[in-house]
Number of protein chains: 2
Amino acid sequence: MARPRSFDPDDVLEIARQMFWQKGFQATSLDEITAMSGVAKPSLYAAFGDKNALFLKVLDRYHDGILGWAERVLAQPGPAREAIRQWLTGFIPYCSGEKGQRGCLSINSATDGSLDQAELRKSIERYNRRLEDLLRTRLRAGRAEFSKGFDPDVTAQTIMVVHAGLLALAHQRPDARRVKAVIDQVMGLLA
Amino acid sequence: MARPRSFDPDDVLEIARQMFWQKGFQATSLDEITAMSGVAKPSLYAAFGDKNALFLKVLDRYHDGILGWAERVLAQPGPAREAIRQWLTGFIPYCSGEKGQRGCLSINSATDGSLDQAELRKSIERYNRRLEDLLRTRLRAGRAEFSKGFDPDVTAQTIMVVHAGLLALAHQRPDARRVKAVIDQVMGLLA
DNA sequence: CGCATTCTGTACTTACAAGTACATAATGAA
DNA sequence: TTCATTATGTACTTGTAAGTACAGAATGCG
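(A) Molecular detail of the protein's contact with DNA strand D. Not every one of the 22 residues close to DNA strand D is listed here, only the nearest: A2 and S6 of chain A together with M1, K41 and K51 of chain B. The sugar and phosphate moieties of DNA strand D supply 66% of its atoms located within 4 Å of the protein. Contact between DNA strand D and R3 of chain B: a base nitrogen at 3.1 Å from a side-chain N or O atom of the residue. Note that a phosphate oxygen of DNA strand D is positioned 2.9 Å from one of the side-chain N or O atoms of Y45 of chain B. When residues of the surface near DNA strand D are assigned to their parent elements, the largest contribution, 3 residues, is made by helix α3 (residues 41-48) of chain B.

(B) Inspection of the interface of chain A and chain B at higher detail. In this assembly, 37 residues from chain A lie in contact with 37 residues from chain B. Taken together, both faces of the contact between chain A and chain B bury some 3,200 Å²; the carbon and sulfur share is 60%. Of all residues in chain A, the largest losses of buried area upon contact with chain B belong to R121, Q172 and Q185 of chain A, amounting jointly to 20% of the total for that side. Seen at the junction of chain A and chain B, the total is 0 salt bridges. Listing elements by their share of the side of chain A that touches chain B, those giving two or more residues are α8 (105-109), α9 (117-141), α10 (152-169) and α11 (176-187) of chain A. With 12 residues, α10 of chain A is the largest single contributor of residues to the side of chain A that touches chain B. When grouped by side-chain class, the residues that make up the side of chain A that touches chain B number 16 nonpolar, 14 polar and 7 charged.

(C) Summary view of the packing of α10 of chain A against helix α10 (residues 152-169) of chain B. One can describe the packing of α10 of chain A onto α10 of chain B by two numbers: an axis separation of 7 Å at closest approach and a directional angle of 95°. By the angle between their directions, the pair α10 of chain A and α10 of chain B is classed as roughly perpendicular. In this structure, α10 of chain A contributes M160, V161, V162, A164, G165, L166, A168 and L169 of chain A to the contact, and α10 of chain B contributes M160, V161, V162, A164, G165, L166, A168 and L169 of chain B. Residue composition of the contact of α10 of chain A with α10 of chain B, by class: 14 nonpolar, 2 polar and no charged.

Parameters at a glance
Residues numbered from 1 in each chain as written. Chains lettered and ligands numbered in written order. Predicted model: local features only at pLDDT ≥ 70, side-chain atom pairs only at ≥ 80, totals over all residues. Heavy atoms only, no water. Near = heavy atom within 4 Å. Polar contact = N/O pair within 3.5 Å; in protein donor to acceptor, adjacent residues only side chain to side chain. Helix = DSSP H or I, 4+ residues; strand = E, 2+ residues; numbered from the N terminus. Contact = heavy atoms within 4.5 Å. Buried area = accessible area lost by both parts, 1.4 Å probe. Salt bridge = Lys/Arg side-chain N within 4 Å of Asp/Glu carboxyl O. Nonpolar A, V, L, I, M, F, W, Y, C, P; charged D, E, K, R; others polar. Axes fitted to C-alpha atoms, helices over the stretch in contact; angles between N-to-C directions. Parallel < 35°, antiparallel > 145°, perpendicular 65-115°, else oblique.

Shown next as C-alpha cells:
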C-alpha cells in the first residue's frame, strides 16, 4: 500500500553500533552514519527518531547481545565457579590489545554529556541489574560448592565491579596475560 | 614590561576541571568556561593553547591531586593491608550517591572520541602506572604480613581493576554500603 | 612622558552537525 | 491505470562551538 523501505533497519543498527562504539556518541555524526550505511538522514529519522533514540536502540541491541551470551554461558551445567570463570575469561579479547581500545559501549556512553541522561541511565541500570541477577542466581544455585561464610550477593556485585574495571581499563590496551592473571586472582574469592 | 595577566591560571584550571568532570570534554564549551571563569577566549588560548591542551592540563592536575593523596595514605606506617583499605575506602564518597554520578575524570575522558587520543593515552597511562607502582611498592614492603604464595604484583593490578570498576559503575549512583561491602570482600585477597 | 610589549574584550569567521521542507519515486489497492 | 500512501534524496535552515582579527588597555622602562 506504500513504498517499502529500501534498507534493513538491523543492518543500520549494526553499522551504527560499530561507529558509536569506536568513536563515541557525540563524535559520531549522522552524516557519517549516512555515508557508511548508504541510508539518507530523513530515512534514519523516520525509522529511528532522533540521534538519541537511535543511540538508545543501538545500546539496547548491544546489551541484549552481551546478556544473551551471558545467559548461555552461565546456564551451563557443572560448577558455578567454572561457569563464571568462563564468562569472565570470554571478555579477555575485548579487554586487551587493539580490540580493547574501544572499551565497552555501555560504560563509555555513561559519560557522554550530551545524551539524555535519564533514559540512558535507565537502560544501563536495567542491563547491570540483569547481569548481576544472572551472576547471583548462578552463585546461589551453586552454594554447595562454597564455604559456609560465602556471600553470593556481595560476590555477584564484586564480579560486576571487576568486569567493569577490566573494560574501563581496556582503553589502555593491556596485555591479555595480565588480564588473565587478574581474573585468576579474583576467582580466589569464589571459595 | 608588559600588561600583567588579570587572572590566576590555577583558578581557571580548577573551574575547567569541575566543568569537564561534570559534563565531559566535548559537551563543555569554551564559551561556558569563559562565562564561569570571567576570562575571555583569547586569554584562554594565550594561556593554555587550544581546547585539547587545556583539557590535558586539567587532567594532569586531576591526576596529580589523586596521586598526592595516594602517596600520603599509602606512606602511612602500619600494615600495608590497612593502608590500602583506607585508600580504597577513601573513594567511597566519589563512587556512590549523587557525587558519584560524574565518575572519574580520567576514566571518562578515555572514551571521548574528539580528544587527541595519543596524548591522552600517554597521560592516563603514566597516571595508572604511577598509581599501580605505589600499590605494588607498598604491598612488597609489607610482604611479611601475607602468606607465602601472595603475589604483590598481580594484587596491585587487581586493586587497580577494582578501583576502576568502582569508579566506572559510580555513574549509576550505587549505595555507599554496597560499595563498602565490595571493598571489604576484595580485601580478602590481601592475605 | 612616550614607547615597546603583552594582555583583554568585542566581534567576527568558519566549520560542522542536527534536524527538516519538499519534490519525487515506488508500492498496493480500486 | 490512477490514486493514496509512505519512503527516498537533495538541498536547505539553524544552531552552536572552535578559533582569531583587531582595536584598545595596562604595565615597565628609558
